[in-house]
Amino acid sequence: MGTEVDAAFVQAPEHRPKPTIVEAQGIPLIDLSGPIDDVVREIGSACSEWGFFQVINHGVTPDTRRRIESTAREFFALPPEEKRRVKRNEVRVLGYYDTEHTKNVRDWKEVFDFTVEDPTLMPASFDPHDKEVATWSNQWPQNTPKLRETCQEYAQEVKKLSIKLMELIAVSIGLPATRFNGFFKDETSFIRLNHYPPCPIPHLALGVGRHKDAGALTVLAQDDVGGLEVKRKSDGEWIRVKPTPDAFIINVGDMIQVWSNERYESVEHRVMVNSERERFSVPFFLNPAHYTMIKPLEELTDEQNPAKYRAYNWGKFFATRKASNFKKLDVENIQISHFKLSE
């Protein structure tokens, strides 16, 4: 990216990064090897107070983490024409691209996406009447042969962790541990390799603009550069999440907000860039089967606490969101608030 910066990257004044950084005090750090009752209690309070937490002793080996990070560096260091061989388009929705928009402002980043299940079944279009199903297949670059193997191995380890976390979350709201497991039989989970190059206008642009994650749970590995900011629920302040070596950052997605009928809420977050150092991160997005209807769980609703959302189809929701990120649709990006029932 040259010194002349495209105006598409520039955030509106109210969304620009602040010059002073508030480092997070209190984003909980949870040791998953601790006594189970303590872990469940800590996860419950982290989900209700923050919507974000960090985990250590999580069962994913440091070696697996290091391998995926070095493979990501290797891939993004390839010449642009090599990366474009696996570029995403409207037909091949997985692979490399560098023109994603969040809330209609372009993000300062390049990414490589792959699904955990290969192939993955998804709706062919976001038209609610179109019942056709499409097959999403991963694109792997020829010139980094280790990428595929490393990514698949990482996916399996993090998948195991994400299901363990869903079980702990279920118990924390009084449900049986396996209550959510059935939703992930034909999962649409995917992993993204993110590269945020140094940015000449870090005060005007963002690596990823403010957003909430649409799926169930996000498990994020970030390097030591840092840049992730979370909107603190208590006062709306943007708080920088300090990188903790070998920890994963976990955040509750919109789906848990709906399933739990707002016992837990997903939280807005964004990514800052800087002018000196590039940054790498690897989020794992745990998503259910495309045919899943997302609605508040019956066990958590009654006359005193009626359902706050009407049911929506996950595949159609995801297809709509993916399309609007890809080509700036005239509609505002679809949100769960569109399915909120009036009080």
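What counts and how
Residues numbered from 1 in each chain as written. Predicted model: local features only at pLDDT ≥ 70, side-chain atom pairs only at ≥ 80, totals over all residues. Heavy atoms only, no water. UniProt positions renumbered as here; feature names shortened; annotations may be inferred. Helix = DSSP H or I, 4+ residues; strand = E, 2+ residues; numbered from the N terminus. Expected span 1.5 Å × (residues − 1). Pairing = 2+ DSSP bridges. Axes fitted to C-alpha atoms, helices over the stretch in contact; angles between N-to-C directions.

The name given to the protein chain in an unreviewed UniProt entry is Isopenicillin N synthase, and the organism recorded there is Parasponia andersonii. Quoted verbatim from the Sequence similarities (unreviewed entry) heading of the UniProt record, the comment on the protein chain is "Belongs to the iron/ascorbate-dependent oxidoreductase family."

1. Let's talk about helix α4 (residues 146-172)
With 27 residues, α4 extends 39 Å from end C-alpha to end C-alpha; this agrees with the ideal 39 Å at 1.5 Å per step. Positive phi appears at Gly174, one or two residues downstream of α4, with a value of about 80°.

2. Concerning the sheet that holds strand β13 (residues 238-240)
Taken together, the 4 strands give an open sheet; going across it, the order is β10-β15-β12-β13, and neighbouring strands pair in antiparallel fashion. Each edge of the open sheet is held by one strand with a lone partner, namely β10 (208-211) and β13. The sheet shows a mean angle of 20° between the axes of neighbouring strands, taken without regard to direction. In this sheet, β13 lies alongside strand β12 (residues 228-231) in antiparallel orientation, the contact comprising 3 bridges. Across the sheet, residue Lys231 finds its bridge partner in β13, namely Trp238.

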